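Report on the structure
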Amino acid sequence: MAMRRIGVEAWFDGVALHADGPYLITVADGVIASIAPTAVTDMADTCAPFAIPGLCDAHVHVFLDGSRLVPAERNAQVRSGLPVMLSVARANIDNSLRAGVTLLRDAGDAFGINHAIRR
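The present account deals with the structure reproduced in this document. For every chain, the first residue of the written sequence is number 1, and numbering continues from 1 onward in sequence order. Side-chain atom pairs in this predicted model are given and counted only at pLDDT of 80 or more, local residue features only at pLDDT of at least 70, and totals for whole chains, interfaces and linings cover all residues. Computation of side-chain values: all heavy atoms of the structure, hydrogens and water removed.

Before going further, it helps to examine a nonpolar patch on the surface. Only residues whose relative accessible area exceeds 30% and that form no salt bridge are eligible for patches; like-charged ones are grouped when within 9 Å, while nonpolar side chains (Val, Leu, Ile, Met, Phe, Trp, Tyr) are grouped when within 5 Å. All accessible areas in this document rest on Shrake-Rupley with a 1.4 Å probe, and a residue is counted as covered only by the protein chains that are shown. Salt bridges are identified by distance alone: a Lys or Arg side-chain nitrogen within 4 Å of an Asp or Glu carboxyl oxygen. A surface patch of nonpolar side chains, amounting to about 470 Å² of accessible area, comprises Phe12, Leu17, Phe50, Ile52 and Leu55. Secondary structure follows DSSP: runs of H or I at least 4 residues long count as helices, runs of E at least 2 residues long count as strands, and numbering of each begins at the N terminus. Take Phe12: it is sitting in strand E1 (residues 3-12). For every residue, the accessible area (1.4 Å probe, protein chains only) is compared with the maximum for its type, and the residue is labelled buried under 20%, exposed over 50%, or partly exposed between those bounds. Overall, the relative accessible area of 30% leaves Phe12 in the partly exposed class.

Shown next as structure tokens:
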């Protein structure tokens, strides 16, 4: 089991702000296992001033390159084939995660890219 401890001064749970820290957030296998007030953050693997839940993008087409706005370019991308579309999807997922978006809701596609990338 991979475990990580993050020391924060404050955190937001989506409803309430908890600003009377410090707190120790324990993450086990990518899931928050506990959040506890603590007197010290010496046992933390890393520290941050503030923690919030990951963001959600509720309508994406993960296989599309959003920088292509010209219809002919978008049509060419759709005809580019499965390997290219999977590559674009992986890049979009990586870019979203780096921006703090931890949940993508794919609106679907005729090629099954969202199902393939999930696997």
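Looking at the secondary structure, you find Cys47 in strand E5 (residues 46-51). A residue is classified by how much of its surface remains accessible, and Cys47, at 52% relative accessible area, is exposed. Separated by 40 residues in the primary sequence, Cys47 and Gly7 place their C-alpha atoms 4.5 Å from one another.

Glancing now at the pairing of E1. Note on pairing: DSSP must find at least two bridges between two strands before they are called paired. Where E1 lies against strand E3 (residues 23-28), six bridges are found, and the strand directions are antiparallel. Within E3, the residue paired with Ile6 across the bridge is Ile25. Where E1 and E5 come together, five bridges link them in parallel fashion. Residue pairing for E5: Trp11 is matched across the bridge by Ala51. Here E1 folds back onto strand E2 (residues 17-18), and the loop between the two strands holds four residues, one of which, Gly14, carries a positive phi near 100°.

Counting nine residues, the largest nonpolar core consists of Val60, Val62, Phe63, Leu64, Met85, Leu86, Ala89, Ile113 and Ile117. Broken down by element, this core gets its largest block of residues, three residues, from helix H2 (residues 82-98). Once residues within four sequence positions are removed from consideration, Ile113 is found in contact with Phe63, Leu82, Met85, Leu86 and Ala89. We call a set of buried Ala, Val, Leu, Ile, Met, Phe, Trp, Tyr and Cys residues a nonpolar core when their side-chain atoms join them within 4.5 Å. With six residues, the next largest nonpolar core counts Trp11, Tyr23, Val27 and Ala51 among its residues. The contact criterion used throughout is that any non-hydrogen atoms of two residues lie within 4.5 Å.

It is worth spelling out unusual backbone geometry at this point. Going from Gly21 to Pro22, the amide bond is cis rather than trans, its omega being 15°. Turning to its location among the elements, Pro22 is positioned in the loop between E2 and E3. With phi around 55°, Asp29 is a residue other than glycine that occupies positive phi space.

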